[in-house]
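# Summary of structural features
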Amino acid sequence: MTAIYLIGLREGLEITLVVSILVAFLVKSDRKPLLKWVWAGVAVAAALSVGFAALLQFGVARLEYTHQELFEAVASIVAVTFVTWMIFWMRRMARQMGSELRGRMEDAINVGPPAIVGVAFLAVVREGLETSILFYAAAQGTADSARPLIGITLGLLTAVVLGWLLYLSAVRINLTKFFTWTGALLVLVAAGILKYGVHDLQEAGVLPGLNTTAFDVSAGWPPGAWYAELLRGMVNFTPAPTVLETVAWLAYGIPVLVIFLWPQRPTQPARTQAPALSK
């Protein structure tokens, strides 16, 4: 539940910030009557994201066992791709996101209400669909189906409250540090999701080595302990992983985490060459 709460918090705050930027732009430019079109776009995006999550959860359950394992493996790989792209994109584009969204909204206002709905919809639906597939991938293998729902709900509600307080300037958060630390934690979550996807491929017979374990600490590993549940939920740690699972976790988690946390070079303005003196 901890990993899914983190997904809900991170993705939910991104959605809340996007909506806050659009709402603040319309309010500050004295265009409050246009807010209804923004909320319409947000509502359609939210409904589509929830519907997509339900389709994943209930549609896959009807598949045969082998096909279900294959689908879950593909979903895990897609989710890892989304997480990796998202955290690096947010690190690179966070400072420009506000001006870009305001520019798109200004252009949409000149076109009309359908364009305003479209801008809000497109700004939210990408994050919403990412949240759906991340939720599905992270919830695989959970025995209690209620915990993932509780985790994602609490994460999204926390994000909405934080976003609202940020909008009201009632609370201040260093968003750069927030997205850096949550991004680093999501890299570990993504490594666990990839490990689960490799296991699904082994279960489906696509990859070999299902019975070849890298290590086995089952004898001294209490499955009901809080730290065991925390490690399993956050990084998908299992006491007897296969060699391919372990290699996948290490090959993704370590280099991606190092690259993500590596200090960025400050962008330097291009030097303007002095005009040549006329002879």
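Residues numbered from 1 in each chain as written. Predicted model: local features only at pLDDT ≥ 70, side-chain atom pairs only at ≥ 80, totals over all residues. Heavy atoms only, no water.

### Thoughts on the UniProt feature "transmembrane region" (unreviewed entry) in the chain
Quick reminder of the rule: UniProt positions are given in the numbering used here, feature names are shortened, and annotations may be inferred rather than shown by experiment. Labels follow the DSSP assignment, with helices taken as runs of H or I lasting at least four residues and strands as runs of E lasting at least two, numbered in each case from the N terminus.
Here, the residues flagged by UniProt with the feature "transmembrane region" (unreviewed entry) are residues 6–27, 34–58, 70–90, 111–129, 149–171, 178–198 and 243–262. Secondary structure within residues 34–58 divides into 96% helix and 0% strand; the distance between the first and last C-alpha atoms comes to 37 Å. The distance separating the terminal C-alpha atoms of residues 243–262 is 28 Å; by composition the span is 95% helix and 0% strand.

### A short note on a nonpolar patch on the surface
Keep this limit in mind: Here a patch means residues that are over 30% exposed by relative accessible area and free of salt bridges, tied together within 9 Å if like-charged and within 5 Å if nonpolar (Val, Leu, Ile, Met, Phe, Trp, Tyr). Per-residue accessibility takes into account occlusion by the displayed protein chains alone, with areas from the Shrake-Rupley method and a 1.4 Å probe. The term salt bridge refers to a side-chain nitrogen of Lys or Arg lying within 4 Å of a carboxyl oxygen of Asp or Glu.
Together, Val161, Trp164, Leu165 and Leu168 make up an exposed nonpolar region whose accessible area comes to about 390 Å². Note that Val161 resides in helix α5 (residues 146–167).

### Some thoughts on helix α8 (residues 243–261)
We apply this condition: Multiply 1.5 Å by the residue count of a helix minus one, and that product is the helix's expected span. The rule is simple: take the accessible area with a 1.4 Å probe, protein chains only, and divide by the maximum for that residue type; under 20% is buried, over 50% is exposed, in between is partly exposed. Working note: the arc is built from the helix axis to C-beta atom directions.
The first and last C-alpha atoms of α8 sit 27 Å apart over 19 residues, in line with the 27 Å expected at 1.5 Å per residue. Every buried residue of α8 is listed here: Glu245, Thr246, Ala248, Trp249, Tyr252, Gly253, Val256 and Phe260. Each buried residue of α8 sits inside an arc of 155° when the element is viewed along its axis, so together they form one side. Relative to its buried face, α8 has exposed residues pointing more than 90 degrees away, namely Ala251 and Ile259.

### Description of the environment of Val187
Within the fold, Val187 resides in helix α6 (residues 175–203). Take Val187: its relative accessible area is 0%, and that puts it in the buried class. In sequence terms Val187 and Trp37 are 150 residues apart; their C-alpha atoms lie 35 Å from each other.

### Notes on the side chain of Glu245
Spelled out, the test is: Two N or O atoms form a polar contact when they lie within 3.5 Å of each other; inside protein one atom must be a possible hydrogen donor and the other a possible acceptor, and for residues adjacent in sequence the pair counts only when both atoms belong to side chains.
Looking at where Glu245 falls in the secondary structure, it is placed in helix α8. Taking relative accessible area as the criterion, Glu245 reaches 4% and is therefore assigned buried. Here the side chain of Glu245 touches Lys195 through a polar contact of 3.1 Å, side chain to side chain.

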